[in-house]
Each structure stands twice: as structure tokens, then as C-alpha cells.
Amino acid sequence: MALTLSWVPRNRDLQADLLVDHFAAGTTAPAGWAVVVEWRFRATSGDPWGAPTIQTVAPPALSAEYTPTGDGFVQVTCYAIEGGLASWQGYVAEFAVSGGVPITPEPYVDEAAQGYVDLLGNQYEDR
């Protein structure tokens with residue numbers, strides 16, 4: 001089963017003087033804008049990451065797909081390229097997969113089956 005990463009474009013020229021919410025709808029992508037997505041796989045947490053599968057995606061496409069080779073761990077890095085310049089820092093996420101599907105972590109509990117919650121009400125997950 002393929003994993004899908006999707007995004008919305010941002011335009012620094014049109015949105016330079018605006019505070020843009022991370023979850024806001026996208027805008028028209030600037031000319032020469034693209035997203036590079038690097039997928040890596042490893043079977044166990046102690047293994048080194050495998051060679052990346054690299055995809056460069058330009059509008060109108062706004063998603064990339066990857067099929068893990070089995071159960072294990074996937075790391076995805078994505079960054080934008082515009083005018084020949086790459087983002088200074090890419091977004092990186094790692095997650096476990098089983099049957100090609102990300103595993104949803106369970107709430108973390110102590111020996112008394114009590115979930116850990118901090119003073120702000122954040123509940124921690126067992127990863």
C-alpha cells in the first residue's frame with residue numbers, strides 16, 4: 001500500500017506581508033516552484049536508513065507517493081525549491097509502518113494504567 005504526502009503551495013512574493021496560518025488554504029505557486037520529497041526505509045530501528053527515493057514534484061501536482069518495501073520505519077524529508085534555491089531547512093518526519101500503513105501510537109501509560117498528562121493537558125504517546 002502506498003503512502004501519500006500532500007501539501008499546499010505558498011507564495012513568498014504574494015504573502016510576504018501576511019501572517020499565514022500553517023493550515024490555511026494554498027495560493028498560486030510561483031513560477032519555478034517545486035517540492036522535493038525524499039523517502040527512506042529501514043526494517044528495524046537499529047538499521048541504517050536505506051538510500052533515498054527522491055521525487056521532485058512541480059504544480060499542478062501537490063502530492064507524492066511511496067510504497068515501503070515491507071514492515072519497518074519510513075523517514076520522509078520534504079523541502080521547496082524556487083528559483084534554483086532550496087529551503088534552508090526541510091520538514092522531516094519518521095514513523096513506523098505495518099502492512100504499508102503508518103502505525104498510530106497508543107497513549108503512554110504507567111504501571112497503574114494511568115496515562116501521562118502534563119500540566120498543560122498534553123497526553124504523551126508510546127512510540
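Our structure is the block above this text.
Here's what I pulled together on the structure shown here. On a predicted model such as this, the values are computed, not experimentally measured, just so you know. (Residues numbered from 1 in each chain as written. Predicted model: local features only at pLDDT ≥ 70, side-chain atom pairs only at ≥ 80, totals over all residues. Heavy atoms only, no water.)

## Things to note about the overall build of the protein chain
In terms of helices and strands, the protein chain carries one helix and ten strands. Counting from the amino terminus, helix and strand elements in the protein chain follow one another as β-α-β-β-β-β-β-β-β-β-β. Split into buried and exposed, the 127 residues of the protein chain put 24% on the buried side. Long-range contacts, defined here as pairs at least 24 residues apart, represent 53% of the contacts in the protein chain between residues at least 6 apart. Carbon and sulfur atoms form 56% of the exposed surface of the protein chain, whose accessible area is close to 8,800 Å². (Helix = DSSP H or I, 4+ residues; strand = E, 2+ residues; numbered from the N terminus. Buried < 20%, exposed > 50% of the residue type's maximum accessible area, 1.4 Å probe, protein only. Contact = heavy atoms within 4.5 Å. Areas by Shrake-Rupley, 256 points an atom, 1.4 Å probe, with all protein chains shown as cover.)

## With respect to the nonpolar core
Membership of the largest hydrophobic core comes to 16 residues, with the highest contact counts inside it found for Trp7, Val37, Trp39 and Val74. Ignoring sequence-local partners within four residues, the contact set of Val74 consists of Leu3, Trp39, Arg40, Phe41, Trp49, Tyr66, Pro68, Ala93, Glu94, Phe95 and Val97. (Core = buried A, V, L, I, M, F, W, Y, C linked by side-chain atoms within 4.5 Å.)

## So, the packing of aromatic side chains
Across all of its chains, the model carries one aromatic pair by this definition. Arranged with centres 5.2 Å apart and planes meeting at 10°, the rings of Trp39 and Tyr66 form a pair that is stacked. Of this pair, Trp39 sits in strand 2 (residues 34-42) while Tyr66 sits in strand 4 (residues 63-66), and the two are 27 residues apart along the sequence. A residue is classified by how much of its surface remains accessible, and Tyr66, at 10% relative accessible area, is buried. Over the ring of Trp49 we find Arg42; its NZ or CZ atom is 4.0 Å from the centre of that ring. (Phe/Tyr/Trp six-rings, centres within 6.5 Å; stacked < 30°, edge-to-face > 60°. Lys NZ or Arg CZ within 6 Å of the ring centre and 35° of its normal.)

## As for the pairing of strand 7 (residues 91-98)
It is a general feature of regular strands that their side chains alternate between the two faces of the sheet. As paired strands, strand 5 (residues 72-82) and strand 7 are joined by seven bridges and run antiparallel to one another. Bridging from a neighbouring strand, Gly72 pairs with Val97 of strand 7. Linkage of strand 7 to strand 8 (residues 101-102), two consecutive antiparallel strands, is achieved through a turn of two residues, within which Gly99 is found at a positive phi near 65°. (Pairing = 2+ DSSP bridges.)

## Details of the side chain of Arg40
For Arg40, the location among the structural elements is in strand 2. Note on Arg40: relative accessible area 19%, which makes it buried. In this structure Arg40 touches Trp49, Gly50, Pro52, Tyr66, Phe73, Val74, Gln75 and Thr77, once residues within four positions along its chain are discounted.

## Some thoughts on the pattern of salt bridges
For the structure on display, the rule yields one salt bridge. Arg40 serves as the salt-bridge partner of Glu38, at 3.3 Å between the closest nitrogen and oxygen. (Salt bridge = Lys/Arg side-chain N within 4 Å of Asp/Glu carboxyl O.)

## Structural notes on the environment of Leu5
Its place among the elements puts Leu5 in strand 1 (residues 3-6). Owing to a relative accessible area of 22%, Leu5 belongs among the partly exposed residues under this scheme. Residues Leu5 and Ser63, 58 residues apart in the sequence, show an inter-C-alpha distance of 5.4 Å. Those residues in contact with Leu5 that lie beyond four places of it in its chain are Val37, Trp39, Leu62, Ser63, Ala64, Val76 and Cys78.

## A closer look at unusual backbone geometry
Going from Pro59 to Pro60, the amide bond is cis rather than trans, its omega being 15°. Its location among the elements puts Pro60 in the loop between strand 3 (53-57) and strand 4.

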